[in-house]
Amino acid sequence: ISNTRYGKGLSTTLIDDDAFEDAADKCETQVETYSGSSAYVNRFDLNAIINTGNTLFNNVSLILGSMQGMMPYQNGLYRLIIEDDYDSTFDFTTDNIIDGIDFTGPSKKNRYNRVTAKFINPDANWQGDSVTWPDSASSDYTTFLSEDNNVVLEKDINLTTVTNFYQARNIAKTL
């Protein structure tokens with residue numbers, strides 16, 4: 001984003017270096033391919049051709065999509081945030097509720113009990129491939145389906161920047 005030829009040419013004074021460094025560390029976190037495999041991959045990698053003829057917005061969206069990232073502009077700086085599990089910073093109790101409270105959970109159109117991720121697989125001669133999580137024969141799928149009153153809630157996603165089976169599966173699992 002600071003490169004004047006291929007990027008936006010933003011001044012480095014507008015970039016939160018610590019947030020970008022933290023995001024890079026999260027992307028390079030090693031995750032086990034599957035439980036007990038003793039084989040590890042980066043949590044996220046970017047494998048894409050960036051077309052400088054596309055709009056900056058579209059290119060940044062493509063890059064952010066590869067890492068479940070967001071790039072907000074906060075307090076005069078661009079930050080990079082990787083979607084992650086965070087500890088709660090506040091506990092709701094009856095002592096800190098002032099008035100009535102309404103709670104609305106996610107609708108079925110935003111919830112899934114099975115996700116299929118499509119990606120390009122180098123092990124299949126760089127052809128399109130897919131991975132589904134959870135597997136239909138797994139106890140996870142049975143549990144999720146039961147919790148959703150046996151209503152199948154499936155989602156297909158295209159991971160155009162992912163070329164690793166296990167990274168694609170982990171993104172499907174996160175969704």
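Residues numbered from 1 in each chain as written. Predicted model: local features only at pLDDT ≥ 70, side-chain atom pairs only at ≥ 80, totals over all residues. Heavy atoms only, no water.

Trainee: Explain the sheet that holds strand β8 (residues 127-133) residue by residue, including any values.
Mentor: Here three strands make up an open sheet; going across it, the order is β8-β7-β9 and the pairing mixed. Across the chains shown, the open sheet's two edge strands, defined by having one partner strand only, are β8 and β9 (154-158). Each neighbouring strand pair of the sheet contributes to a mean axis angle of 20°, computed without reference to strand direction. Relative to β9, strand β7 (residues 114-121) runs parallel, the two being bridged by five bridges. (Pairing = 2+ DSSP bridges. Helix = DSSP H or I, 4+ residues; strand = E, 2+ residues; numbered from the N terminus. Axes fitted to C-alpha atoms, helices over the stretch in contact; angles between N-to-C directions.)

Trainee: A description of the side chain of Arg169 should follow, citing residues and the corresponding values.
Mentor: Looking at the element boundaries, Arg169 is found in helix α4 (residues 165-174). Buried and without a salt bridge, Arg169 has Glu32 as its closest oppositely charged side chain, separated by 8.7 Å. (Buried < 20%, exposed > 50% of the residue type's maximum accessible area, 1.4 Å probe, protein only. Lys, Arg positive; Asp, Glu negative; His and termini not counted. Salt bridge = Lys/Arg side-chain N within 4 Å of Asp/Glu carboxyl O.)

Trainee: Describe the pattern of salt bridges, listing the residues and the values that go with them.
Mentor: Enumeration over the complete set of coordinates arrives at four salt bridges. Measuring nitrogen to oxygen at the nearest pair gives 3.3 Å for the salt bridge that ties Asp16 to Arg79. One end of the pair, Asp16, is in the segment before α1 (17-27); the other, Arg79, is in the loop between β5 (77-78) and β6 (81-82), with 63 residues separating them in the sequence. Residue class for Arg79 comes out partly exposed when judged on its relative accessible area of 26%. Put simply, Arg111 and Asp148 hold a salt bridge, and the shortest N to O gap is 2.4 Å. Of this pair, Arg111 sits in the loop between β6 and β7 while Asp148 sits in the loop between α3 (139-147) and β9, and the two are 37 residues apart along the sequence. Given a relative accessible area of 34%, Arg111 falls into the partly exposed group.

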